[in-house]
Amino acid sequence: MRRRVLIIVNPSAGGSRSAARRLRRVAAALERRGCTVVVRHASAPAGDVERLAREAEADFDAIVAAGGDGTVNALANGLAGAPREVALLPLGTVNLLAREIGLPRSAERLAELIATAPAQPVWPGRVDARLFMMMASTGFDAEIVASIDPWLKRHAGRLAFVWAMLVRLWHYRPCELVVEADGVEHRAAGLIAAKGRFYAGPFIAAPGANPADPVLDLVLLRRAGRTAHLGYAAALLLGRLPRSKHVTILRARSAVVSGSRNQPVQADGEIVGHLPATIGIAKRPLLLIRPPR
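Residues numbered from 1 in each chain as written. Predicted model: local features only at pLDDT ≥ 70, side-chain atom pairs only at ≥ 80, totals over all residues. Heavy atoms only, no water.

K.L.:
Help me get a handle on the overall build of the chain, residues and values and all.
P.N.:
When its secondary structure is counted, the chain shows 10 helices and 20 strands. Its C-alpha radius of gyration of 19 Å places the chain within 12% of the 19 Å reference for a compact globule of 293 residues. Among the 293 residues that make up the chain, the fraction classed as buried is 52%. If you sum the accessible surface of the chain, you get close to 13,300 Å²; carbon and sulfur atoms cover 54% of it. Here the chain carries 40 positive and 24 negative side-chain charges, and the mean point of each set is 6 Å from the other. (Helix = DSSP H or I, 4+ residues; strand = E, 2+ residues; numbered from the N terminus. Rg over C-alpha atoms; globule rule 2.2 N^0.38 Å. Buried < 20%, exposed > 50% of the residue type's maximum accessible area, 1.4 Å probe, protein only. Areas by Shrake-Rupley, 256 points an atom, 1.4 Å probe, with all protein chains shown as cover. Lys, Arg positive; Asp, Glu negative; His and termini not counted. Charge placed at Lys NZ, Arg CZ, Asp CG, Glu CD.)

K.L.:
Break down unusual backbone geometry for me, with residues and values.
P.N.:
The linkage connecting Leu-275 with the following residue, Pro-276, adopts the cis geometry, with an omega of 0 degrees. Among the structural elements, Pro-276 can be located in the loop between strand 18 (270-274) and strand 19 (277-281).

K.L.:
Describe in detail the sheet that holds strand 20 (residues 286-289), supporting the description with residues and values.
P.N.:
Two modes of strand pairing occur in sheets, parallel and antiparallel, and in both the strands are linked by backbone hydrogen bonds. Here we have 6 strands laid out as an open sheet, ordered 2-1-3-4-20-5, and mixed in their pairing. The sheet terminates laterally at strand 2 (36-41) and strand 5 (119-122), the two strands that pair on one side only. The mean inter-strand angle of the sheet, taken between neighbouring strand axes irrespective of direction, is 35 degrees. As defined by bridge partners, strand 4 (residues 85-90) adjoins strand 20 across 2 bridges and the pair is classed as parallel. Paired with Val-86 across the two strands is Leu-288, which belongs to strand 20. Across the sheet, helix 2 (residues 17-32) lies against strand 1 (4-9), strand 2 and strand 4, angled at about 155 degrees from strand 2, the strand it touches most. (Pairing = 2+ DSSP bridges. Axes fitted to C-alpha atoms, helices over the stretch in contact; angles between N-to-C directions. Contact = heavy atoms within 4.5 Å.)

K.L.:
Describe the pattern of salt bridges, listing the residues and the values that go with them.
P.N.:
Summed over all chains, the structure comprises 15 salt bridges. Of the charged contacts in the structure, one is a salt bridge between Asp-48 and Arg-51, with a shortest N-O distance of 2.7 Å. In this pair, Asp-48 and Arg-51 both sit in helix 3 (residues 47-54), 3 residues apart, roughly one turn of the helix. A relative accessible area of 10% places Asp-48 in the buried class. For Arg-51, a relative accessible area of 31% corresponds to the partly exposed category. Several salt bridges share partner residues, and in doing so they unite Arg-32, Arg-33, Glu-108 and Glu-112 into one network. (Salt bridge = Lys/Arg side-chain N within 4 Å of Asp/Glu carboxyl O.)

K.L.:
Break down helix 10 (residues 226-237) for me, with residues and values.
P.N.:
For helix 10, spanning 12 residues, the distance from its first C-alpha to its last is 17 Å, which sits close to the expected 16 Å at 1.5 Å a residue. Looking at helix 10, one finds that the buried residues are Ala-228, His-229, Tyr-232, Ala-235 and Leu-236. One face of helix 10 carries all of its buried residues, which in axial projection span an arc of 120 degrees. Turned more than 90 degrees from where helix 10 packs its buried face, Thr-227 and Leu-237 sit exposed. Within two residues after helix 10, Gly-239 carries a phi angle of roughly 75 degrees, on the positive side. (Expected span 1.5 Å × (residues − 1). Arc of directions from axis to C-beta.)

K.L.:
Talk me through a nonpolar patch on the surface; I want residue IDs and the actual numbers.
P.N.:
A surface patch of nonpolar side chains, about 430 Å² in accessible area, is lined by Leu-159, Val-162, Trp-163 and Leu-166. Topologically, Leu-166 is positioned in helix 9 (residues 159-170). (Patch = residues over 30% accessible without salt bridge, like charges linked within 9 Å, V, L, I, M, F, W, Y side chains within 5 Å.)

K.L.:
Any chance you could break down the nonpolar core for me, citing the residues and the numbers?
P.N.:
Core analysis: the largest hydrophobic core is formed by 55 residues, its most contacted members being Ile-7, Ile-8, Leu-30, Leu-75, Leu-88, Leu-89 and Leu-97. Aside from chain neighbours lying at most four places away, what touches Leu-75 is Ile-8, Val-49, Ala-53, Ile-63, Val-64, Ala-65 and Val-86. (Core = buried A, V, L, I, M, F, W, Y, C linked by side-chain atoms within 4.5 Å.)

K.L.:
Any chance you could break down the environment of Pro-124 for me, citing the residues and the numbers?
P.N.:
Turning to its location among the elements, Pro-124 is positioned in the loop between strand 5 and strand 6 (125-127). Residues Pro-124 and Asn-77, 47 residues apart in the sequence, show an inter-C-alpha distance of 9.9 Å. Ignoring any residue separated from it by four or fewer positions in sequence, one finds Pro-124 in contact with Leu-131, Phe-132, Met-133, Lys-195, Ile-281, Ala-282, Arg-284, Pro-285 and Leu-286.

K.L.:
So, the pairing of strand 3 (residues 62-67): which residues are in play, and what are the values?
P.N.:
Taking burial as the measure, the 6 residues of strand 3 include 6 buried ones, the bulk of the element. Burial of strand 3 is two-sided: the residues Ala-62, Val-64 and Ala-66 facing one way and the residues Ile-63, Ala-65 and Gly-67 facing the other way are all buried. For strand 1 and strand 3, the ladder comprises 5 bridges, and the chain directions are parallel. Following the sheet pairing, Val-9 is matched in strand 3 by Ala-66. Relative to strand 4, strand 3 is paired through 5 bridges, and the arrangement is parallel. By the bridge assignment for strand 4, Gly-67 is matched with Pro-90.

K.L.:
Can you explain the packing of helix 3 against helix 4 (residues 69-79)? Please cite residues and give values.
P.N.:
At a minimum axis distance of 7 Å, the contact between helix 3 and helix 4 shows a crossing angle of 45 degrees. Looking at the two axes, helix 3 sits oblique to helix 4. Between helix 3 and helix 4 the crossing geometry is right-handed. For the pair formed by helix 3 and helix 4, the contact residues are Val-49, Glu-50, Ala-53 and Arg-54 on the first element and Thr-71, Ala-74, Leu-75, Asn-77, Gly-78 and Leu-79 on the second. (Parallel < 35°, antiparallel > 145°, perpendicular 65-115°, else oblique. Left-handed = near helix turned anticlockwise from the far one by under 90°.)

Structure below.
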């Protein structure tokens, strides 16, 4: 039986020549393996990806998110727990989930995976009612995400994050967080709720986190201040953040987070709300086509 594959393309990720070329290569490789491929381009980065996923016809055997972390997030929220098989085609600035599961870069190997591999359950997190695939956070890093200039991100890539960090350091204001995790109260200056090991690229923040586990790894950054946050950034770059004496990592099914002011909350690189917020695990897993573990 011919496998029907729908590829949903994020316009901000799939607009470059290299992204378009990679998309064509993967689609052609799928067709050589007997798949029927339909490509649909979203008209806006997030909301339209969600709509296309939500409205996808039931006869598609797999739905492919072509883009970065934001595209995967939007597709997961569009499906909202529906039992559909999902695959990834990394095209964006960062795709942490692709890195986490060891997705092949080769178009041929990726097409072979999508065409033949069985889907395996992974457990998204959630911020209130909004799902996330890799991480959610609040504190200094969420303020950085809120400050990113979309034009600069589109044209300068990761340099947009560096510029936003410098802006937030200049305007830094401390905020104390109260994190109630599985009934136990903790205090911190920042919080990362991780569903995978990686943070902001190849850097490890939560070495024990696994998307297949129905649990969160909570990374509590306990010290506040400009110097402290520069120290966290340096520790992350050097692979030492999880071992820092100012960092606590614990596992929990859910956490209720409040703050001394109305801090933003980001999930997979997008602002999804403000404190107070409840961070937990999705009610149902997502069926992800991934390399064997």
